[in-house]
Every structure is written in C-alpha cells, then in structure tokens.
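Summary of the model geometry
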Amino acid sequence: MRLIMLGAPGAGKGTHALLLSKEYNIPQISTGDILRSHIKNETDLGKEAKNYMDKGLLVPDELVVEIVKSRIQEDDCKEGFILDGFPRTIPQAQALDKALEELGIGLDNVVNIDVSDEVIIKRMAGRRVCPKCGASYHVEHKKPIKDDICDECESELILREDDKEETVRKRLQVYEEQTKPLIDYYEKRGILLTIEGTGSVEEIGKKIKDALEVSK
Ligand SMILES: [Zn+2]
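Residues numbered from 1 in each chain as written. Predicted model: local features only at pLDDT ≥ 70, side-chain atom pairs only at ≥ 80, totals over all residues. Heavy atoms only, no water.

1. Considerations on the overall build of the protein
Each helix and strand counted, the protein has nine helices and seven strands in total. Projected onto its principal axes, the C-alpha positions of the protein cover 55 × 45 × 35 Å. The 216 residues of the protein split such that 43% are buried. Taking all contacts inside the protein whose residues are at least 6 apart in sequence as the whole, residues at least 24 apart take part in 67%. As displayed, the protein offers around 12600 Å² of accessible surface, 48% of which is attributable to carbon and sulfur atoms. Across the protein, the 33 positively charged side chains and the 42 negatively charged ones have centroids separated by 2 Å. (Helix = DSSP H or I, 4+ residues; strand = E, 2+ residues; numbered from the N terminus. Buried < 20%, exposed > 50% of the residue type's maximum accessible area, 1.4 Å probe, protein only. Contact = heavy atoms within 4.5 Å. Areas by Shrake-Rupley, 256 points an atom, 1.4 Å probe, with all protein chains shown as cover. Lys, Arg positive; Asp, Glu negative; His and termini not counted. Charge placed at Lys NZ, Arg CZ, Asp CG, Glu CD.)

Written out as structure tokens, the structure reads:
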C-alpha cells in the first residue's frame, strides 16, 4: 500500500502515519528524517542538500524528490510506504508523480485528515511541555498531577512558541496557500480519502482503516 498523508499542522497526520505504519507493516517516511540521515551519513545527496542549508536556502524540490526516490527503492518499501509531510506543494507533487512513473509504481491513496483551524488552534494551545526532561502534557487530554508541574521532574511546564496561537495561525495560513491545493490535485485523480479528524485517536484511526479497506 503506497500512501500519502495530508493534513494541516496539528491535524494528527504524524500520529496516524505511525499507527498505519505499524498496522500494515510499511515504513513511515518523513522527508525531514531522511534528509537528516543523508547529511549525517555524508552521502552525495546529503552533501548537496547541506550546501543549500548552510547558505540558509531551502533544499530544492528536485533534490528532495531524489532523496525520496532513493528511499522508496529500499527493500522495506517493497510492500508500500507512507509519505508524511511530503509533498507539500503542487510542484513537489508533480515531481513525485514523475519519479513514481520512472519507477513504474503508483499511489494507492492519499489520506487527508480534515480538522478545522479553530480545533487545531485549541488543541495546540493546550499543549504543555517540560523544558527540562521533555515530557509532554495537555491541559485537557493529558493533565499533569499538579497544574503546570511536570510529573517526572517537577519542573514548571511551558507553552512552546510553536504551539502559541499566533504561530499556529501563521503555519495554518502557509498550509492553506501551499498545501491545500494538493487536496484538489489528488481528488481529481480519484485517490483522495478525506477523514474527519475529530474524536479520539482510536476513533480517527478506525475511520482511516475502514476507508482504506473499502477503497482496496
Ligand atoms: Zn520534566
């Protein structure tokens, strides 16, 4: 099964990509992770990517696609893979299509986890992390025993800059402009599954699985 996960930041696509990866025994591929591992292992692609990053530039789409292309040819991707966080733009999706065509493979489904901006903002604003040990909490769903105090090390919990409403709104706006057009792009191809992303992780996970089974 070859899948792409789509969804706004905070919609839960990473969580569900991981669950699906376990369920179907196929790797979850995050471009950030593979890019970092190429750089760490000093591969040719990694060195090239690092050149751009050292100059403060974005790694060009062609290079990211090359890295994805090399990753999905590895043995563990024979039965499929889940792309998480890529593609993010129409040009990336087109470059990915071209790469898959060259490999003679196609995508089975694109799972779009749909959550309203207001729900995402509320969800993120409730997150708290421990600056000392990294433990994470949520003011509604995973409360610490003592308000704002870490259960593990008793440090005072913080709201990360990334989770603040203003930052989240900016990221949602970038998503709206750059990534949302992909929903149309894959819808037209008839491979988009839109799942309403409200409810518990288990409930959403079940909806995704059911939709994937039906579309087989
Ligand atoms: Zn702590």
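2. Considering the pairing of strand E3 (residues 81-84)
Neither face of E3 is open: one carries Phe 81 and Leu 83, the other Ile 82 and Asp 84, and all of them are buried. Judged from the three bridges that link them, strand E2 (residues 28-30) and E3 form a sheet pairing that is parallel. If you follow Ser 30 over to E3, its bridge partner there is Asp 84. (Pairing = 2+ DSSP bridges.)

3. What about the sheet that holds strand E4 (residues 109-114)?
Read across the sheet, five strands follow the order E2-E3-E1-E4-E7 without closing on themselves; strand pairing throughout is parallel. Two strands close off the open sheet at either side, each with one partner strand: E2 and strand E7 (192-196). Going from strand to strand, the sheet's axes swing by 25 degrees on average, the running direction of each strand aside. Relative to E7, E4 runs parallel, the two sharing five bridges. Bridging across to E7, Val 110 finds its partner in Leu 192. (Axes fitted to C-alpha atoms, helices over the stretch in contact; angles between N-to-C directions.)

4. A closer look at the packing of helix H2 (residues 31-40) against helix H4 (residues 61-71)
How two helices sit against one another is set out by the angle between their axes and by the gap between those axes. Across the interface, H2 lies against H4 with an axial gap of 10 Å and an inter-helix angle of 90 degrees. In terms of orientation, H2 lies roughly perpendicular with respect to H4. Two secondary-structure elements touch here, H2 through Thr 31, Ile 34, Leu 35 and His 38 and H4 through Val 64, Ile 67, Val 68, Ser 70 and Arg 71. Grouping the amino acids of the contact of H2 with H4 by side-chain chemistry returns five nonpolar, three polar and one charged. (Parallel < 35°, antiparallel > 145°, perpendicular 65-115°, else oblique. Nonpolar A, V, L, I, M, F, W, Y, C, P; charged D, E, K, R; others polar.)

5. Focus on unusual backbone geometry
Negative phi is the rule for most residues except glycine; trans is the rule for most peptide bonds. Here the bond from Phe 86 into Pro 87 is cis, since omega is -5 degrees, no more than 30 degrees from zero. One can find Pro 87 in the loop between E3 and helix H5 (90-103). With phi around 65 degrees, Asp 148 is a residue other than glycine that occupies positive phi space. Looking at the element boundaries, Asp 148 is found in the loop between strand E6 (136-138) and helix H7 (165-179). Residue classification places Asp 148 among the partly exposed positions, given a relative accessible area of 37%. Positioned with a positive phi, Glu 154 is a non-glycine residue whose angle comes to about 65 degrees. Mapped onto the elements, Glu 154 comes out in the loop between E6 and H7.

6. Thoughts on the coordination of the zinc ion
Protein coordination of the zinc ion is provided by Cys 130 (SG), Cys 133 (SG), Cys 150 (SG) and Cys 153 (SG), with donor distances spanning 2.3 Å. Each of the four donor atoms bound to the zinc ion contributes to angles spanning 98 to 119 degrees, and the resulting shape is tetrahedral. Taken in chain order, the donor set of the zinc ion reads C-x2-C-x16-C-x2-C. Pair noted here: Cys 130 is in the loop between strand E5 (127-129) and E6 and Cys 153 is in the loop between E6 and H7, with a separation of 23 residues, a long-range link. (Donors = N, O, S within 2.8 Å, 3.2 Å for Na, K, Ca; no water. Tetrahedral: all angles 85-135°; square planar, octahedral: opposite > 155°, others 65-115°.)

7. Considering the packing of aromatic side chains
Aromatic ring pairs: the centre-centre distance and the angle between the two ring planes describe each pair. This model, assessed by the stated rule, comprises one aromatic pair. When the centroid spacing of 5.0 Å and the interplanar angle of 85 degrees are considered together, the rings of Tyr 185 and Tyr 186 count as edge-to-face. Under the relative-accessibility criterion, Tyr 186 is labelled buried at 0%. The aromatic ring of Tyr 137 is capped on one face by Lys 142, whose charged end is 5.8 Å from the ring centroid. (Phe/Tyr/Trp six-rings, centres within 6.5 Å; stacked < 30°, edge-to-face > 60°. Lys NZ or Arg CZ within 6 Å of the ring centre and 35° of its normal.)

8. With respect to the nonpolar core
Tyr 186 and Leu 212 are the most contacted members of the largest nonpolar core, which totals 55 residues. At five residues, H4 tops the list of elements feeding residues into this core. The contact partners of Tyr 186, leaving out residues within four places of it in the chain, are Ile 4, Leu 6, Pro 87, Ala 93, Leu 96, Leu 107, Val 110, Ile 191 and Leu 192. (Core = buried A, V, L, I, M, F, W, Y, C linked by side-chain atoms within 4.5 Å.)

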